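Here's the letter readout for the chains.
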Amino acid sequence: MTSTNPTPAGQGASYAAAGVDIEAGDRAVELMKDWVKKARRPESIGALGGFAGLFDASALKGYRRPLLASATDGVGTKVAVAQRMDVHDTIGHDLVAMVVDDLVVCGAEPLFMTDYISVGKVVPERVAAIVKGIAEGCVLAGCALVGGETAEHPGLMGPDEYDVAGAGTGVVEADEVLGADRIRTGDVVVAMGASGLHSNGYSLVRHVFFDRAGWSLERHVEEFGRTLGEELLEPTKIYSLDCLAVTRAAEVHAFSHITGGGLANNLARVVPDGLHATVDRSTWTPGAVFGTVGELGGVERAELERTLNMGVGMIAVVPPESVDAALATLGERGVDAWVAGGITERGDRGEAVTLTGDYAG
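A brief look at the structure comes next.

Overview of the overall build of the protein chain
Step number 1: Scanning the protein chain from terminus to terminus reveals 11 helices and 14 strands.
Step number 2: Classification of the 361 residues of the protein chain by burial places 50% in the buried group.
Step number 3: Here the protein chain has roughly 16,600 Å² of accessible surface; of this, 50% comes from carbon and sulfur atoms.

With respect to the pattern of salt bridges
Pairs may arise between side chains of opposite charge once their charged atoms sit close together.
Step number 1: Taken as a whole and assessed by the stated rule, the structure comprises 13 salt bridges.
Step number 2: Glu 231 is paired through a salt bridge with Arg 226; the nearest N and O atoms lie 3.0 Å apart.
Step number 3: By relative accessible area, which is 9% here, Glu 231 ends up buried.
Step number 4: When salt bridges with common partners are traced through the structure, they connect Arg 64, Glu 173, Asp 175 and Glu 176 into a single cluster.

Considering the nonpolar core
For soluble globular proteins, nonpolar side chains are generally found buried alongside one another.
Step number 1: With 75 residues, the main nonpolar core has Val 164, Phe 209, Leu 232, Leu 267 and Val 279 as its most contacted residues.
Step number 2: The greatest single-element share of this core, amounting to 7 residues, is contributed by helix α3 (residues 91–103).
Step number 3: When neighbours within four sequence positions are excluded, Val 279 is seen to be in contact with Val 189, Leu 263, Leu 267, Trp 284, Ala 340, Gly 341, Val 353, Thr 354, Leu 355 and Thr 356.
Step number 4: Counting residues in each nonpolar core, the second largest holds 19 residues, with Leu 178, Cys 243, Phe 255 and Leu 330 among its members.

Some thoughts on the packing of α3 against helix α4 (residues 124–141)
Step number 1: Between α3 and α4, the shortest axis-to-axis distance is 6 Å and the interhelical angle comes to 40 degrees. What the angle tells us is that α3 and α4 run oblique. By crossing handedness, the relation of α3 to α4 is classed as right-handed. In contact with Gly 92, His 93, Leu 95, Val 96 and Val 100 of α3, α4 contributes Ile 130, Gly 133, Ile 134, Gly 137, Cys 138, Leu 140 and Ala 141.
Step number 2: Its residues placed into classes, the contact of α3 with α4 shows 8 nonpolar, 4 polar and no charged.

With respect to the packing of helix α5 (residues 202–212) against helix α9 (residues 288–297)
Step number 1: Relative orientation of the contacting elements α5 and α9 amounts to 55 degrees, with a least axis distance of 9 Å. Accordingly, the angle class assigned to the pair α5 and α9 is oblique. Handedness of the α5/α9 crossing: left-handed. Contacts between α5 and α9 involve Val 205, Val 208, Phe 209 and Arg 212 from the first element and Val 289, Thr 292, Val 293, Leu 296 and Gly 297 from the second.

Side note on the layout of surface pockets
Step number 1: What the second largest pocket holds in volume is close to 290 Å³.
Step number 2: Every residue lining the second largest pocket is counted, 15 residues in all, and those nearest its centre are Gly 107, Val 172, Glu 176, Leu 244 and Thr 247.
Step number 3: Elements supplying a minimum of two residues to the lining of the second largest pocket: β6 (162–173) and α7 (240–249).
Step number 4: A class-by-class count of the residues in the lining of the second largest pocket yields 7 nonpolar, 2 polar and 6 charged.

Criteria and thresholds
- Sequence order sets the numbering: in each chain, residues are counted from 1 along the sequence as written.
- Only residues with pLDDT of at least 70 are given local features in this predicted model, and only at 80 or more are side-chain atom pairs given and counted; all residues enter the totals for whole chains, interfaces and linings.
- By convention in this description, side-chain values take in all heavy atoms of the structure and omit both hydrogens and water.
- Helix numbers and strand numbers start at the N terminus; a helix is a DSSP run of H or I with at least 4 residues, a strand a run of E with at least 2.
- Only protein chains enter the accessibility calculation, which uses a 1.4 Å probe; a residue whose area is less than 20% of its type maximum is buried, one above 50% is exposed, and one in between is partly exposed.
- Each accessible area value is a Shrake-Rupley result obtained with a 1.4 Å probe; residue values ignore everything except the protein chains displayed when judging cover.
- In what follows, salt bridge is the name for a side-chain nitrogen of Lys or Arg lying within 4 Å of a carboxyl oxygen of Asp or Glu.
- Here, the term nonpolar core denotes a set of buried Ala, Val, Leu, Ile, Met, Phe, Trp, Tyr and Cys residues that are joined through side-chain atoms within 4.5 Å.
- Here, two residues are considered to be in contact whenever any of their heavy atoms come within 4.5 Å of each other.
- Axis definition: a line fitted to C-alpha atoms, limited for helices to the stretch in contact. Angles are taken between N-to-C directions and run from 0 to 180 degrees.
- Under this scheme an angle from 65 to 115 degrees is roughly perpendicular, one under 35 degrees roughly parallel, and one over 145 degrees roughly antiparallel; angles in between are oblique.
- In a left-handed crossing the near helix is turned counterclockwise from the far helix by less than a right angle, and in a right-handed crossing that turn is clockwise.
- Charged residues are taken to be Asp, Glu, Lys and Arg, nonpolar residues to be Ala, Val, Leu, Ile, Met, Phe, Trp, Tyr, Cys and Pro, and polar residues to be all remaining types, Gly included.
- With a 1 Å grid laid over protein atoms only, a set of points is called a cavity when a 1.4 Å probe fits there but cannot get out and a pocket when it is open yet has protein on both sides within 12 Å along at least five of seven lines; lining residues have an atom within 4 Å of a point.
- Grid points are joined across faces, edges and corners, and a volume is the space filled by probe spheres set on the points.

This is the structure:
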C-alpha cells in the first residue's frame, strides 16, 4: 500500500508550486517586446502575444511561380557554453544563422522565423536576452520574427538549463531554384570565410577543452587574442543577404552551407552524379581555434574536417565568367571570399568531393 502525505490546510497544489511561474513568463514577454518590434518586415501583421504569427502573403503576388522554402534547426551544445558563461544574447544570433543560411542555399529569400525556447525555470532577463539575439539576427538576415514560444519544464531541465530551436520560411522563384542540377564541369568553387566554430562540433570542442585539457572559460588564449569563452561564443556568421546579393550580381549555380559534417560532406550534397569537386586547402588558413582543438585533443585532421567547418562557412559554385563579380560583391559586403577549387568530371573517383594540399600558414 502506498502512503501519501496530506497537503497542509490552506496549501493546495498550484502551477507555481509545481515549478511553473506564469508571472515570470509574462515579465519575459514584456522585456522582449521592444526587441521583437525591431525584427519586423512590412509584411508583418499583428503584435507580440497572438496565438499565431501572421505574414501578408500578398507580397508574393509579384512572383511568377513562388516556391516556399522551409528550414528548422537549433544550435546544439553551444548552449552549454552560454549557460556556463551566463551570456545569453549571442545564442539567438546563432539560431537565426543556422536556419536562414539553410534557406538561402536554394536561392530563397528568408521571410520570417518563429522560435521555441524551452527552459527549466523562466528567468525573464535571460529569456529576453535570448530573444534579443534572435531579433538582432533576423534584422541581419532581412527576415521577420513573427512569433515564438517559451516553455517552462521544471523537473525535465535544471533551473539554469535551456535549449532553443527555430523554424524559418523563405521564397524563391521556381525557375531560379539553385542546386545540383545547375552545376556543370568547369564551374568554380568560391569559399566564404567563417566567423569561427559557428554552431557545430561543440560536443567535440567541449570534450577537448574542458574534459581533456581542463581549460577554464576565463583562460586567456594568446592564439585567440581573447578568452576561451569569448572564442567559443563567437556568433555564427549570417550569410543570407550576402548570398542573395551575389545571385543578383552574378550567375550562381549552387550554394552549400558548411555545418555538421564539415566541408566535404556538405558540398557533396550539391555535387551531381558524374561530377567531382576539388577543394584546395592551401587557399586558406583556418582560424587558430581549429588547430588548437586538434593539438590539445590529438584529433586527426580527417576527424576535424568531418566535424568542424575549418574556417569555411558557405560555398558558392559559379561559372568561370561569374567569379570576378561574385568575389567583388562579397568583398564590398565585407565577406572574406576566395577561389578554393573547381568542378570536373568524376571519372573513376567514387567520392563527390576531394580536399587536396595542406592548409596555408
